[in-house]
Amino acid sequence: MSGIPIAVQLYTLREETEKNFAGTLKKVAELGFDGVEFAGFGGLSAEKVKELTDDLNLAPVSAHIPLADLKDNLDNVISDLKTVGIQYAVCPFLMPDQRTEENYQSLIPLLNEAGRKLKDAGITLCYHNHDFELERLSDGRMALEAIFDDSDPELLQTELDVYWLAKAKEDPAAWIKRYKGRSPLVHLKDMTKDEEQFFAELGTGSIDLEEILSLGDEAGVKWWVVEQDATRLTPFESIEISIKYLKKQLSIKGV
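Residues numbered from 1 in each chain as written. Predicted model: local features only at pLDDT ≥ 70, side-chain atom pairs only at ≥ 80, totals over all residues. Heavy atoms only, no water.

1. With respect to the pattern of salt bridges
Using the criterion set out here, one finds 16 salt bridges in the structure. Measuring nitrogen to oxygen at the nearest pair gives 2.8 Å for the salt bridge that ties arginine 141 to aspartate 150. Relative accessible area serves as the criterion here: at 25%, arginine 141 is assigned to the partly exposed category. Notably, a salt bridge pairs glutamate 145 with arginine 178, separated by 2.7 Å at the nearest N-O pair. Here arginine 178 lies in helix α9 (residues 172-178) and glutamate 145 lies in helix α7 (residues 143-149), a separation of 33 residues in the sequence. Residue class for glutamate 145 comes out buried when judged on its relative accessible area of 11%. (Salt bridge = Lys/Arg side-chain N within 4 Å of Asp/Glu carboxyl O. Buried < 20%, exposed > 50% of the residue type's maximum accessible area, 1.4 Å probe, protein only. Helix = DSSP H or I, 4+ residues; strand = E, 2+ residues; numbered from the N terminus.)

2. Focus on the state of the cysteines
All told, the structure shown has 0 disulfides when counted by the stated rule. The structure places no disulfide on cysteine 126, whose sulfur is separated from the nearest cysteine sulfur, that of cysteine 91, by 11 Å. A residue is classified by how much of its surface remains accessible, and cysteine 126, at 0% relative accessible area, is buried. (Disulfide = S-S within 2.5 Å.)

3. Comments concerning the side chain of glutamate 16
Along the chain, the position of glutamate 16 falls in helix α1 (residues 14-19). Discounting chain neighbours no more than four positions away, the residues touching glutamate 16 are Phe21, Thr24, Pro235 and Phe236. (Contact = heavy atoms within 4.5 Å.)

4. So, the packing of helix α5 (residues 74-84) against helix α6 (residues 101-120)
Helix-helix packing is described using two parameters, namely the angle between the two axes and the distance between the axes. Packing of α5 against α6 leaves a shortest axis separation of 11 Å and a crossing angle of 35°. Of the two possible hands of crossing, α5 and α6 adopt the one that is right-handed. Taken together, the residues of α6 that come into contact with α5 (itself represented by Leu74, Ile78 and Leu81) are Ala114, Lys117 and Leu118. Class assignment of the residues belonging to the contact of α5 with α6 gives a composition of 5 nonpolar, no polar and 1 charged. (Axes fitted to C-alpha atoms, helices over the stretch in contact; angles between N-to-C directions. Left-handed = near helix turned anticlockwise from the far one by under 90°. Nonpolar A, V, L, I, M, F, W, Y, C, P; charged D, E, K, R; others polar.)

5. Focus: the UniProt feature "domain: Xylose isomerase-like TIM barrel" (unreviewed entry) in the chain
What UniProt calls "domain: Xylose isomerase-like TIM barrel" (unreviewed entry) maps, in this numbering, to residues 25-248. In the segment residues 25-248, helix accounts for 44% and strand for 16%; the C-alpha atoms at its two ends are 23 Å apart. (UniProt positions renumbered as here; feature names shortened; annotations may be inferred.)

6. Let's talk about the packing of aromatic side chains
Where two aromatic rings form a pair, the distance of their centres and the angle of their planes describe that pair. Scanning the model with the defined rule gives 10 aromatic pairs in all. On the basis of an interplanar angle of 80° and a centroid distance of 5.9 Å, the ring pair of phenylalanine 93 and phenylalanine 132 is categorised as edge-to-face. In this pair, phenylalanine 93 sits in the loop between β4 (88-91) and α6 while phenylalanine 132 sits in the loop between β5 (124-128) and α7, placing the two residues 39 residues apart along the sequence. Its relative accessible area of 35% is what places phenylalanine 93 among the partly exposed residues. Pairwise contacts between aromatic rings join Tyr127, Phe148, Trp175 and Tyr179 into one cluster. The ring of phenylalanine 198 carries arginine 232 above its face, with NZ or CZ at 3.9 Å from the centroid. (Phe/Tyr/Trp six-rings, centres within 6.5 Å; stacked < 30°, edge-to-face > 60°. Lys NZ or Arg CZ within 6 Å of the ring centre and 35° of its normal.)

7. Comments concerning the environment of leucine 188
Inspection of the secondary structure puts leucine 188 in strand β7 (residues 185-188). A C-alpha to C-alpha distance of 9.0 Å links leucine 188 and isoleucine 212, two positions 24 residues apart in sequence. Not counting residues up to four positions away in its chain, the partners in contact with leucine 188 are Val162, Leu202, Leu209, Ile212, Leu213, Trp224, Val225, Val226, Glu227 and Leu246.

See the structure below:
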């Protein structure tokens, strides 16, 4: 079986990228990550970001793009993504006032439209979930089901976040199986075993990551993406623990 490479979502390192974007990328490469998922370019031009990733042999996998930019600034977004060589654009978050049934219904055609323009440019649009999309709509479905099932699978893929699925008392593995072939990016996180359910380094918490990892090839996962929204360690200590766990597990499984 072919190995699935590992990226890190740079939001995890947001304080470090604010201080030294290039130096942060260098440390990410030194820790053994294959690629990065961007959450902005740290004020650098797309040309400079491409230069950095090329020099460090880091794949510029994906970028989280605010919904407002997908709606109102898509041409510039596409230009920057193509310059850097980013394959996936991800809608990352909805503001609280956007989480109504009416807004979910209007979101789907917006994502389809953006997805079509991105696809024409050779870029795939994905949607990243939190736990609020697991609330039920009036038809009984969860909002996340509606987003994926009512959109064109050729125009919208998934970036399932295993922590937020578990936080909503859903089974992350079941969601990956359900959207087999439509889940090129998976956000890997862990959750502490106590009542707080805080973000945890991979392999230290309660989420069954071994089962999730075992599904990668069959589900068509292209990248595992490490993200930790908050940590009680330093962010670099956190992602080092997580990538060491991942590399060990993937080595054991021969993937």
